[in-house]
Amino acid sequence: MKPAFRMDANSSTGAAPALEWRWAVSIYVAVALLVTLPGLGSTGIVMQEGLLVDSAEAMIASGDFLVPRLYGEIYSYKPPFVYWTTALAMKIGGRAEWAVRLPSAASGFVLGLALLVLVGRLTRARTGLFAALAGISSVLFLQKLKLAEYEATLAATVGIAVVAACYNLAAERAKQSAPVWFLGYLALAAALLAKGVPGLMFYAPGLIAAAVVTRRWRRLVSPAHLAAALVCAGIVAGYVWLAIGAAGADLLVQPFEEAQDRGLEWSLTTLARTVMKPLMVWVLFLPWSLVWFWGLTSSDSWSRPERALRRAGLAFLVAGLVAFMA
C-alpha cells in the first residue's frame, strides 16, 4: 500500500501544475497569517521580552546598532540580530506589544514559506504545503511565535539553513542550486548573529552526518557550497571586527562567561534535564512527530530524491540533537 501523503518524484517547480502551486501558496498564506498574527498584543510584556525591548530602545536612542546595551551597560551575552529586528518593528509600531512580537511571528511565516518552496520544488507543491503547515503548527512553535524572544528567530534561521542543505544533498545533480546554498548560509549567518554558537551547534554536525548518509559528501567541497560558507563566515567575522572596533575586545568576555557558567558543573539532575528536554520537545511537536515517524516506514514507493531527503532530515535531527545536548 502506498502512503497517503506520498510525494510524486516526477513533479517539480517546472512540471507541477501551476494551479496546484497557486492553491498551495494561497492555503499556506491564509493559514500562516491566522496562526502567526492573532493575539500578538493580547498580553503585556513578559519574561525575556523586556530585555529585548530595552536593548532595542537603546539602539534606537543612541544610533549604535553594533553593540547591544542594557541599562547603559554593554550586554553581549547574545549577538544583536534579534535586537535589530525588534528595533525595526518598534520603528513601525512603537512600544506596542504586537510590534515587539512581530519579528517572532514573521520568523515562523518565513520558515514555513521556505519549507513550502524548497520541499515542494524537490517533490511537489502539495508536499511542500504539508511540510510548511506541519512546521508552523506544533504546540511549542505556536507558543514561541507569540513571544519576543530569541527562540523563534533561531528556529527559523537554522531551519532555513537545514532545509536548504537537505534540498541540495537530496536533489539530483542537475537540480542542485547555488542560490539555495547561499540562501541557507545567509540564514545561518543570521542564526549566528541571533544567538551565537548555538546556531552552529545543530547545523554543522547535522550537515556532515547528512552528507555521509546520503553519500553525497563531495557536494560539500563544491565551489558553490564553499563560496556560500565563506560568505557566511565573512558576514559574522565582519560584524565581530566592527563591534570590537567600536567597544573593544571586552565585548567577547560575556559570551564566554555565559558558556562557562552553564557548562562546568554536572550532576545527575543536570544530566537528566539534558536528556529529557529534547524528548519533551518531541512530545510538544505531536501529532506531527508521529506522522513523520510513520512516513519513515512507508518508503517502498518513494523515489531516490525523496529517500535522500528523508535520510538527510533524519541525520540532521539525530546528529544535531546529540551535539546540542553535548
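Structure first, text after, so check above.
Cut-off values and rules
- Numbering of residues begins from 1 in every chain and follows the order in which that chain's sequence is written.
- It should be noted that, the model being predicted, local features are given only for residues of pLDDT at least 70 and side-chain atom pairs only at 80 or more, the latter also being counted only at that level, while totals for whole chains, interfaces and linings use all residues.
- Each side-chain value is worked out from all heavy atoms of the structure, with water and hydrogens disregarded.
- We count a stretch as a helix when DSSP gives it H or I for four or more residues in a row; a strand needs E for two or more, and each element gets its number in order from the N terminus.
- The span one expects for a helix is its residue count, reduced by one, times 1.5 Å.
- When checking whether two residues touch, look at their non-hydrogen atoms; a contact exists if any pair is within 4.5 Å.
- Without a salt bridge and with relative accessible area above 30%, a residue can belong to a patch; like charges are then joined within 9 Å and nonpolar side chains (Val, Leu, Ile, Met, Phe, Trp, Tyr) within 5 Å.
- Only the protein chains shown count as cover for residues, and all accessible areas are computed by the Shrake-Rupley method using a 1.4 Å probe.
- For salt bridges, the criterion is a side-chain nitrogen of Lys or Arg within 4 Å of an Asp or Glu carboxyl oxygen.
- Two residue types count as positive, namely Lys and Arg, and two as negative, namely Asp and Glu; His and chain ends fall outside the count.
- Charge positions come from single atoms, namely NZ of Lys, CZ of Arg, CG of Asp or CD of Glu.
- Within this scheme, the nonpolar core is defined by two criteria: the residues are buried Ala, Val, Leu, Ile, Met, Phe, Trp, Tyr or Cys, and they are joined through side-chain atoms within 4.5 Å.
- Think of it in three bands: with a 1.4 Å probe and only protein chains considered, a residue is buried below 20% of the maximum accessible area for its type, exposed above 50%, and partly exposed in between.
- Between N-to-C directions, angles cover 0 to 180 degrees, with each direction set by a line fitted to C-alpha atoms, over the stretch in contact for helices.
- Comment on the angle field: the value is read as roughly parallel under 35 degrees, roughly antiparallel over 145, roughly perpendicular from 65 to 115, and oblique elsewhere.
- Should the near helix be turned anticlockwise from the far one by less than a right angle, the crossing is termed left-handed; should it be turned clockwise, right-handed.
- Each residue is assigned to one class: nonpolar for Ala, Val, Leu, Ile, Met, Phe, Trp, Tyr, Cys and Pro, charged for Asp, Glu, Lys and Arg, and polar for all the others, Gly among them.
- Between the rings of Phe, Tyr and Trp (Trp by its six-membered ring), a pair exists once the centres lie within 6.5 Å; its type follows the angle of the planes, with under 30 degrees stacked, over 60 edge-to-face, and the other angles tilted.
- Counted as over-ring charges are cases with an Arg CZ or a Lys NZ within 6 Å of the ring centre that also lie within 35 degrees of the ring normal.

(A) Structural view of helix α10 (residues 223-247). Its 25 residues give α10 an end-to-end C-alpha distance of 36 Å, which sits within 8% of 36 Å, the value for a rise of 1.5 Å per residue. Of the surrounding elements, those touching the buried residues of α10 are α3 (81-93), α8 (178-195) and α9 (198-213).

(B) Main features of a positive patch on the surface. Together, R215, R304, R307 and R311 give the surface a local cluster of positive charge. Within the fold, R215 resides in the loop between α9 and α10.

(C) Expanded view of the nonpolar core. If you look at the biggest cluster of nonpolar residues, it comprises 58 residues, and the most contacted ones within it are W181, Y185, Y203, L207 and F316. Every element with two or more residues in this core is listed here: α1 (18-36), α4 (97-122), α5 (125-136), α7 (151-170), α8, α9, α10 and α14 (304-325). Counting residues per element, this core draws most heavily on α7, at 14 residues. Residues A56, M59, A87 and A194 belong to the second largest nonpolar core, which totals 15 residues.

(D) How the structure looks around the pattern of salt bridges. Under the definition given, this model contains 9 salt bridges. Here E49 and R101 are joined by a salt bridge, their closest N and O atoms 2.7 Å apart. A residue pair is termed long-range when its members are at least 10 positions apart, and E49 in helix α2 (residues 49-62) and R101 in helix α4 qualify at 52 residues. With relative accessibility at 0%, the residue E49 sits in the buried group.

(E) Region of the structure containing unusual backbone geometry. Unusually for a residue other than glycine, Y71 sits at a positive phi of about 55°. Owing to a relative accessible area of 69%, Y71 belongs among the exposed residues under this scheme. Even without a glycine there, the phi angle at R215 is positive, about 60°.

(F) Representation of the side chain of T86 within the structure. With respect to the helices and strands, the residue T86 is situated in helix α3. In this structure T86 touches L52, A56, V100 and P103, once residues within four positions along its chain are discounted.

(G) Highlighting the packing of α7 against α14. Two elements in contact, α7 and α14, have axes whose closest approach is 8 Å; the angle formed by their N-to-C orientations is 140°. Between α7 and α14, the angle is such that the two are oblique. Viewed along their axes, α7 and α14 form a crossing whose handedness is right-handed. Residues V162, A165, C166 and A170 of α7 form the contact with α14, whose participating residues are P305, A308, L309, A312, G313 and F316. Each residue belonging to the contact of α7 with α14 can be placed in one class, and the counts come to 9 nonpolar, 1 polar and no charged.

(H) Representation of the environment of M325 in the model. By the element assignment, M325 lies in helix α14. We classify M325 as partly exposed; its relative accessible area is 29%. A C-alpha to C-alpha distance of 9.8 Å links M325 and R273, two positions 52 residues apart in sequence.

(I) Structural detail: the environment of G199. Following the sequence through the fold, G199 ends up in helix α9. Residue classification places G199 among the buried residues on the basis of a relative accessible area of 0%. Setting aside residues no more than four positions away along its own chain, G199 makes contact with L154, V158, L188, A191 and L192.

(J) Broad picture of the side chain of E20. Inspection of the secondary structure puts E20 in helix α1. Setting aside anything within four residues of it in sequence, one finds E20 in contact with R124, A125 and R126.

(K) View of the packing of aromatic side chains. A complete count under the given rule lists 8 aromatic pairs for this structure. Where F81 meets W84, the ring centres are 6.3 Å apart and the plane angle is 65°; that geometry is what we call edge-to-face. Here F81 pairs with W84, and both are found in helix α3, just 3 residues apart, close to one helical turn. A ring pair is formed by Y185 and Y203, whose centres lie 5.7 Å apart and whose planes are at 80°; its orientation type is edge-to-face. Of this pair, Y185 sits in helix α8 while Y203 sits in helix α9, placing them 18 residues apart in sequence. Take Y185 and Y203: they sit in the same class, and that class is buried. Site record: aromatic cluster; members linked through ring pairs are W181, Y185, Y203 and F316. Note that K78 overlies the ring of Y150, its terminal NZ or CZ placed 5.6 Å from the centroid.

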